[in-house]
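A look at the structure
Listed below are the residues making up each chain.
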Amino acid sequence: YHRRMTTQSPRLAPDPRLRGAFTAIVTPWTEGGRSIDHDRLRAQVEFQARGEDGRGGVRGIVVSGTTGESPTLEHDEYAALVRAAVAIAKPLGLIVIAGTGSNSTAHAVALQKQAAALGADYALSVNPYYNKPTQEGLYRHFATQADASGLGVMLYNIPGRTGVALAPETVARLAAHPRVVSVKEATGSTDSCGEIAWRCPGLAVLSGDDSMTLPFMSVGAVGVVSVASNLLPGATQRMVDDYLAGRHSAALETHRRMIGLIKALFHETNPIPVKAAMRLLGRDNGQLRLPMTEASEATITKLRQALEPAGLRA
């Protein structure tokens, strides 16, 4: 692995397609969580392209991620979800990133090949969870996936969910691979984000936490994989655009308008609050699959209080 990876020519700048906001979309279920609600999925993806005010939305979507309740998808449902997302999103000009992560390298490779065959643009692959590999194990896990298909790979560094973090040194090793193109940095650490951006100038570093989008961009990130943009795709994209264009005051103003809602969206485990908020707004039925359960009354109260200041009305 080491010999192969270090002979690659490093990229000098991030993939321009990965600058901006990418919505980690929810997976809409029919009543009782029995199956994917494809009509509602279409409406939600179209909303992402259109934006909440009709002035345009995000750069792309992430399907079958944490927010999409990926652990509860059956094999055939995963294929159906990615296939439908590609068919709906691409004609609207949206990039499609498919979650392909697993704590089994062989399974992750199989998912990546499937996502590529279904037409996804990129793969999002999370740190292996529960088995807690070493940094060498993480390196080999992601390098094997990057070799598996033609898809560009977005590393997903989220130690709070997986129990293990990708060290900046390991990200730098992986960034030498021509198909490791991005990292979704959900560590909550500006130190980690800044070091990765510094060590890997050709890697598109994206915030994995809505509340950290501006701080992370200040140290080199170029966008966000967002939960809040399920509700505010246009505002989230414009905040990123404003910051990257040097309109820092405008970006900060949007951040301040959204921060109360962002906090409410993480009052309980994601995606419980965002599905509750979408139900309040009439954009989803709020159905979840176990082990996710419905939002508490305290969370509903916080969401109701936060929607209007963010420019939304339940």
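Residues numbered from 1 in each chain as written. Predicted model: local features only at pLDDT ≥ 70, side-chain atom pairs only at ≥ 80, totals over all residues. Heavy atoms only, no water.

1. Comments concerning the confidence of the model for the chain
What counts is decided by this rule: Here pLDDT means the predictor's own confidence in every residue, given as a number from 0 to 100. Should any heavy atoms of two residues lie within 4.5 Å, those residues are considered in contact.
When the pLDDT values of the chain are averaged, the result is 95; 97% of them are 70 or greater. Low confidence marks residues 1-9, where pLDDT is under 50. Its contacts with residues over four positions away, or in another chain, come to 17 contacts.

2. Notes on the environment of Ile262
The line we're drawing: Secondary structure counts use DSSP, requiring at least four H or I residues in a row for a helix and at least two E residues in a row for a strand, with both numbered from the N terminus. Note on exposure labels: buried denotes an accessible area under 20% of the residue type's maximum, exposed denotes more than 50%, and partly exposed covers the range between, all computed with a 1.4 Å probe on protein chains only.
Looking at the element boundaries, Ile262 is found in helix H11 (residues 248-264). For Ile262, a relative accessible area of 5% puts it in the buried group. For the pair Ile262 and Pro273, spaced 11 residues apart in sequence, the C-alpha separation works out to 10.0 Å.

3. Thoughts on the packing of helix H2 (residues 38-50) against helix H3 (residues 75-89)
Under the convention used in this document: Comment: axis = line fitted to C-alpha atoms, over the contacting stretch for helices; angle = value between 0 and 180 degrees taken between N-to-C directions. To sort the angles, those under 35 degrees are grouped as roughly parallel, those over 145 as roughly antiparallel, those from 65 to 115 as roughly perpendicular, and the leftovers as oblique. Note on convention: the crossing is left-handed when the near helix lies turned anticlockwise from the far helix by less than a right angle, right-handed when the turn is clockwise. Residue classes follow a fixed rule: Ala, Val, Leu, Ile, Met, Phe, Trp, Tyr, Cys and Pro count as nonpolar, while Asp, Glu, Lys and Arg count as charged, and any other residue, Gly among them, counts as polar.
Interaxial distance between H2 and H3 falls to 10 Å at its minimum, and their mutual angle equals 40°. It follows that H2 is oblique to H3 by the angle criterion. For the element pair H2 and H3, the recorded crossing hand is right-handed. Within the contact between the two elements, H2 uses His38, Leu41, Arg42 and Val45 and H3 uses Ala80, Leu81, Ala84, Ile88 and Ala89. Its residues assigned to classes, the contact of H2 with H3 comprises seven nonpolar, one polar and one charged.

4. Observations concerning the state of the cysteines
Put simply, the test is: The disulfide criterion used throughout: a pair of cysteine sulfur atoms within 2.5 Å.
As enumerated under the stated definition, the model contains zero disulfides in all. Cys200 provides the cysteine sulfur closest to Cys193, a residue in no disulfide bond, and the two sulfurs are 11 Å apart. Cys200 gets classed as buried once you look at its relative accessible area, which sits at 3%.

5. Things to note about the layout of surface pockets
The test is simple: Cavities and pockets were defined on a 1 Å grid built from protein atoms only: a cavity is a group of points that admits a 1.4 Å probe but offers it no way out, a pocket is an open group of points flanked by protein on both sides within 12 Å along at least five of seven lines, and a lining residue is one with an atom within 4 Å of any such point. Grid points are joined across faces, edges and corners, and a volume is the space filled by probe spheres set on the points.
Empty space within the largest pocket amounts to approximately 670 Å³. As for the largest pocket, its lining consists of 27 residues, of which Gly65, Ser70, Pro71, Gly101 and Tyr129 are closest to the centre. Elements with a contribution of two residues or more to the lining of the largest pocket: H3, helix H4 (105-117), strand S4 (122-126) and helix H6 (159-162). If you go around the second largest pocket, you meet 16 residues; those closest to its centre are Tyr156, Ile158, Arg161, Phe266 and Asn270.

6. Topic: the packing of aromatic side chains
Selection rule: Two aromatic rings from Phe, Tyr or Trp, using only the six-membered ring of Trp, form a pair when their centres are within 6.5 Å; if the ring planes differ by under 30 degrees the pair is stacked, by over 60 it is edge-to-face, and anything between is tilted. We call a charge positioned over a ring when the NZ of a Lys or the CZ of an Arg lies within 6 Å of the ring centre and within 35 degrees of the ring normal.
This model, assessed by the stated rule, comprises zero aromatic pairs. The ring of Trp29 is capped by Arg289, whose NZ or CZ atom sits 3.8 Å from the centre of that ring.

7. With respect to the pairing of strand S1 (residues 20-24)
Operational definition: Here, strands pair whenever DSSP counts at least two bridges between them. By convention, a crossover is right-handed whenever its connection, traced from the first strand over the helix to the second and viewed with the strands pointing away, goes clockwise.
Taking burial as the measure, the five residues of S1 include five buried ones, the bulk of the element. Where S1 and strand S8 (residues 223-226) come together, four bridges link them in parallel fashion. Directly across from Gly20, in S8, lies its bridge partner Gly223. Note that S1 and strand S2 (residues 60-63) share three bridges and pair parallel. Residue pairing in the sheet places Phe22 in a bridge with Gly60 of S2. With H2 bridging S1 and the parallel S2, this β-α-β connection has right-handed handedness.

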